[in-house]
There are 2 protein chains.
Amino acid sequence: MYRSHNCGELNASHINTEVTLAGWVQKSRDKGFMNWVDLRDRYGITQLIFDEGRTDKTVFEQAKTLGREFVIQVKGTVIEREAKNKNIATGEIEILVTELTILNAALTPPFTIEDETDGGEDIRMKYRYLDIRRNPVKNSLLFRHKVAMEVRKYLSDLDFCEVETPYLIKSTPEGARDFVVPSRMNEGQFYALPQSPQTFKQLLMVGGMDKYFQIVKCFRDEDLRADRQPEFTQIDCEMAFVEQEDILNIFEGLTRHLLKEIKGVEVDKFPRMTYEHAMKTYGNDKPDIRFGMEFGELNEFAQHKEFPVFNAAELVVGIAVPGAGNYTRKEIDALIEWVKRPQVGASGMVYAKCNEDGTFKSSVDKFFDHDDLVNWAKVTGAKPGDMIFLLSGPADKTRAQLSALRMELATRLGLRNPAEFAPLWVVDFPLLEFDEESGRYHAMHHPFTSPKPEDMHLLDSEPGKVRANAYDMVLNGNEIGGGSIRIHDKATQQLMFKYLGFTEDEAKAQFGFLMDAFQFGAPPHGGLAFGLDRLVAILGGQETIRDFIAFPKNNSGRDVMIDAPSAIDAVQLKELHIDLNINK
Amino acid sequence: MYRSHNCGELNASHINTEVTLAGWVQKSRDKGFMNWVDLRDRYGITQLIFDEGRTDKTVFEQAKTLGREFVIQVKGTVIEREAKNKNIATGEIEILVTELTILNAALTPPFTIEDETDGGEDIRMKYRYLDIRRNPVKNSLLFRHKVAMEVRKYLSDLDFCEVETPYLIKSTPEGARDFVVPSRMNEGQFYALPQSPQTFKQLLMVGGMDKYFQIVKCFRDEDLRADRQPEFTQIDCEMAFVEQEDILNIFEGLTRHLLKEIKGVEVDKFPRMTYEHAMKTYGNDKPDIRFGMEFGELNEFAQHKEFPVFNAAELVVGIAVPGAGNYTRKEIDALIEWVKRPQVGASGMVYAKCNEDGTFKSSVDKFFDHDDLVNWAKVTGAKPGDMIFLLSGPADKTRAQLSALRMELATRLGLRNPAEFAPLWVVDFPLLEFDEESGRYHAMHHPFTSPKPEDMHLLDSEPGKVRANAYDMVLNGNEIGGGSIRIHDKATQQLMFKYLGFTEDEAKAQFGFLMDAFQFGAPPHGGLAFGLDRLVAILGGQETIRDFIAFPKNNSGRDVMIDAPSAIDAVQLKELHIDLNINK
């Protein structure tokens, strides 16, 4: 062992102890006759002292050659520090060094190894191994491990069994694009990497393994939007002989446990909200309920006058922004411009200030009188000093626009406190959603989701109205988990494939094994999956997942550190029975 | 919840309790007026009773329709059983059923769901979800989970951090064949699936994450020998600021912990054996030391007479087989045929019986006298009543042949007791091994393994004699883990690539990122990886890994249940910039 202690554990109780430490040179302060070096490892920083009067001359001189990030080993005595540093655990002591070994020299790193670094995203990714030395990244990885361990312990204690499902599976055109793997031994054939272990976990239920989980990598070959990764990690779970209520309770328990154990936060029973209510009230199926600003639908009180914009709209809807009644004309104009950006897409915005004296000042005073505005305030919950913003247009689009505005205003008003946790369940998702592009219905969750029995009769007449036994767990405006009760009989599953536009042959070729399995005694079952990357980021109080992934890929799906993907040689291609087909 | 209790937990203390159970019909015994049904779930079997006198007529009649593997839910009362079954946990009670719901009917399964099934390997794999219902498979999966959890807890408690490394990495021609993944976004380029996270874990060491582990899938596109899988699981570990001794101690501790916690077996400190000693004494670098039969080298006492076979041989080597002195001529001839099979490849075998009276009877009495045989007995450790078998020829081949014989005889003599555990470390592996086919040296472990500093001077003159700081953990004749101290400076790593036949450009293109990393302050580090599939199989007392893998592939790398790999469509190929190149 190169060390007797680590760099985070020595304190006043160790004074006069002989110790050996090893780590990286964080920085040196050379005062000529005295030279202090901060030695860093994963556990902390310990100050070393080289003193012309007390240190062997060779060691003293050698210490002057140390550069940043040199790897060294030192032996010495723990002594009391003159100028104590209350900010670090080892701040009471320093090491009077007697022996110094340079284990490895280091080039000057391309960015500073500090909490606030001077390195941009690109250079940090190229030298990710240096980035990981920085506390924000290192601590994120340690935090992720802690969360994963707590998940495993909690579920194991409840008799869940972690089962590893295969990574080399079968490609299915449903859902996102698969990554595929050409098979050398099976000419012209391909494996696919799993987008999720969905069918395997269902087969485990058929196999009687009634409480399954797995923390598992999944893969999607999608054009990467910001903060998406081609490979990502799920906490994948499934249970048999359960109803939706059981699943909600178990995984609410898990989440409450994590919040308590990891964050020390106790939360009440999670509120439940139907998808329909979430969309009407927040314009969003993953509402952030750390703050209010709930939607007020105003058709009744906004379409009875001669204001043509409102009268032509399917929906007029508004929110009351707390304390925003004093926004200047300039601030309001900027917000109007903000909602008119193509990313939001509103054509304009109406506002109404709620003055402290109970009067109002709106941008549509020409059309609406005091009584109208009293109603607007009532419906949106506006109080004196607030500002009401109204959008109008097609219902779905307008809700989405107002949701974007609501989130933006909450951020600006500091209402999205990362130390506050407001989880909820959104339930009763639609089974199907209409896809404009293909002109047909798609499964909103996936084709294995069970329709609510009471809505089955609508499948032919109003497919969009059929609700599913599907649910999402939402935390601080993010979907962190989602799942459903599954279909567990062949007839319903066949019907579902039919509604989703599969021919009988296609359904059989792709999912025949699952439908076969359902004939051999499949129990009722359901489950859910959490996105681990997102979950740890939110628990860690961060907006982006990248620092919680040791070696992330960039938006082109490249690992810029190892330079992958890359070309492979002709022999390899031949063995795999493929040729390149490149647009020259 | 479909049940109040599971099928393994009810006992006499529950008598008169109203319960709800759900599970699979294991079997029915219909005596006309009385019908017993064994209800099975993951946790056990509970007997249900339908009694014409006490059971509602409809329920009674419905029970007669139940077939094997039907999924049912019952409500009823726990009553004392008349004929108790001491063999099962629930053997004191049965359930007098009042309500019966068929949750799902079942076709007759293609093989019996019993511990000893009538299904062959192929059909069991096709219907793996039914196979998993059987105790031997189900218990293997539960056992695997238990082992994995213990590993995680043990290492986490020692401050190891589990870090997920990427699955989409870079292809390198070194080592086994990679599975590759064409990149859609990076035309003509490919990711590779990792054969191990080797370079990433080393980069984590450079990143200061000084105790890393990961239970992780790895991939090798090899022609599958028996009991190999294209995807397999490793417990991958790495530590910084350690020497070989530290790693051996930590992971010996882990293994001892597993044996104690999982098997209730306490083992002493593991013996350590050099590679050289293992090869000389057992003809094998993974010796099974649950039994003796150590090799005796007999050149000195076998090449001084006129027996040309021995005199022409590089090595004459024998083992004493305990209690085999009474083997018949027929048995001996059969063993001689056994070693002459092409899989073993000996050209013949000499034997010498050690009679109880101290005399000998050998197949070479014409050439060797009593005194010679006394020496043979001394060197091989033979006692009266034993049999000495001798092989001769080129040293390496002969050792391998005698090792095969030793293992075969141990199996026949019942010396390989799966309930006994004899771990050891084999250390001081050669750094390089000569590959006849390519006519050059290859890394025996991998190119990142550190040569022993004291052997470095032999690299040019006698590369085959350079030893590495490399070690294997061996358990009951299986390599269950292996690793090494790594090179951590650029110059040595460059030198190693040179010796392995890489040009400077090749080394840079493939591993430039690692050598760059070594320049920025790489600490001394090393680690090892356990094969989890094999480890759990051995701990579980099994020879084959297949039942410890939920969804294994067959020897052609196929998943016969889901029928993968399979063809993909032309659009997908085009998007991936590849064409098929099939030998028509």
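What counts as what
- Residues numbered from 1 in each chain as written.
- Chains lettered and ligands numbered in written order.
- Predicted model: local features only at pLDDT ≥ 70, side-chain atom pairs only at ≥ 80, totals over all residues.
- Heavy atoms only, no water.
- Contact = heavy atoms within 4.5 Å.
- Buried area = accessible area lost by both parts, 1.4 Å probe.
- Salt bridge = Lys/Arg side-chain N within 4 Å of Asp/Glu carboxyl O.
- Nonpolar A, V, L, I, M, F, W, Y, C, P; charged D, E, K, R; others polar.
- UniProt positions renumbered as here; feature names shortened; annotations may be inferred.
- Helix = DSSP H or I, 4+ residues; strand = E, 2+ residues; numbered from the N terminus.
- Axes fitted to C-alpha atoms, helices over the stretch in contact; angles between N-to-C directions.
- Parallel < 35°, antiparallel > 145°, perpendicular 65-115°, else oblique.
- Left-handed = near helix turned anticlockwise from the far one by under 90°.
- Pairing = 2+ DSSP bridges.

Let us look at the interface of chain B and chain A. Listed as interface residues are 126 residues of chain B and, on the opposing side, 126 residues of chain A. In total, about 11,200 Å² of surface goes out of reach between chain B and chain A, with carbon and sulfur atoms giving 59% of it. In terms of surface lost to chain A, no three residues of chain B exceed Glu164, Phe241 and Phe520 of chain B, which account for 7% of the buried area on that side. For the salt bridge of aspartate 210 of chain B with arginine 42 of chain A, the shortest nitrogen-to-oxygen distance reads 3.3 Å. When the residues that make up the side of chain B that touches chain A are grouped by side-chain class, the tally is 68 nonpolar, 25 polar and 33 charged.

In the numbering adopted here, UniProt assigns the feature "binding site: ATP" (unreviewed entry) to Arg220, Asp221, Glu222, Gln229, Glu479, Gly531, Leu532, Asp533 and Arg534 of chain A. Among the structural elements, glutamate 222 of chain A can be located in the loop between β9 (211–219) and β10 (231–240). Discounting residues that sit within four places of it in the chain, glutamate 222 of chain A has contacts with Ala176 and Arg228 of chain A together with Arg184 and Met185 of chain B. As for its placement among the helices and strands, arginine 534 of chain A is situated in helix α16 (residues 532–539). The residues contacting arginine 534 of chain A, other than those within four sequence positions of it, are Asp227, Asn478, Glu479, Ile480, Glu543 and Ile545 of chain A.

This paragraph deals with the packing of helix α5 (residues 198–206) of chain A against helix α15 (residues 504–518) of chain A. Residue and element names in this part refer to chain A. Axis separation between α5 and α15 bottoms out at 10 Å; the angle between their running directions is 20°. For the element pair α5 / α15, the angle class is roughly parallel. Where α5 crosses over α15, the handedness of that crossing is left-handed. Across from Thr199, Gln202, Leu203 and Val206 in α5, the residues of α15 making contact are Phe511, Phe513, Leu514, Ala517 and Phe518. Its residues assigned to classes, the contact of α5 with α15 comprises seven nonpolar, two polar and no charged.

With that settled, consider the pattern of salt bridges. Counted by the stated rule, this structure contains 95 salt bridges over all chains. In the salt-bridge network here, residues are joined through shared partners; they are Glu121, Arg124, Arg128, Asp131, Arg134, Arg546 and Asp547 of chain A.

Okay, the sheet that holds strand β15 (residues 360–362) of chain B next. All names here are of chain B. The antiparallel open sheet is built from five strands, whose spatial order is β12-β13-β16-β14-β15. Of all the strands in the sheet, just β12 (296–297) and β15 have a single pairing partner and so form its edges. The pairing of strand β13 (residues 315–321) with strand β16 (residues 387–393) spans seven bridges and is antiparallel. The residue bridging isoleucine 319 from the neighbouring strand is phenylalanine 389, located in β16.

We now examine the packing of helix α14 (residues 490–499) of chain A against α15 of chain A. Residues and elements named next belong to chain A. Close contact between α14 and α15 brings their axes to 9 Å; oriented N to C, the two are set at 160°. Between α14 and α15, the interaxial angle falls into the category roughly antiparallel. The crossing of α14 and α15 is right-handed. Taken together, the residues of α15 that come into contact with α14 (itself represented by Lys490, Gln493, Gln494 and Phe497) are Ala507, Phe511, Met515, Asp516 and Phe518. Here the contact of α14 with α15 is composed, by residue class, of five nonpolar, two polar and two charged.

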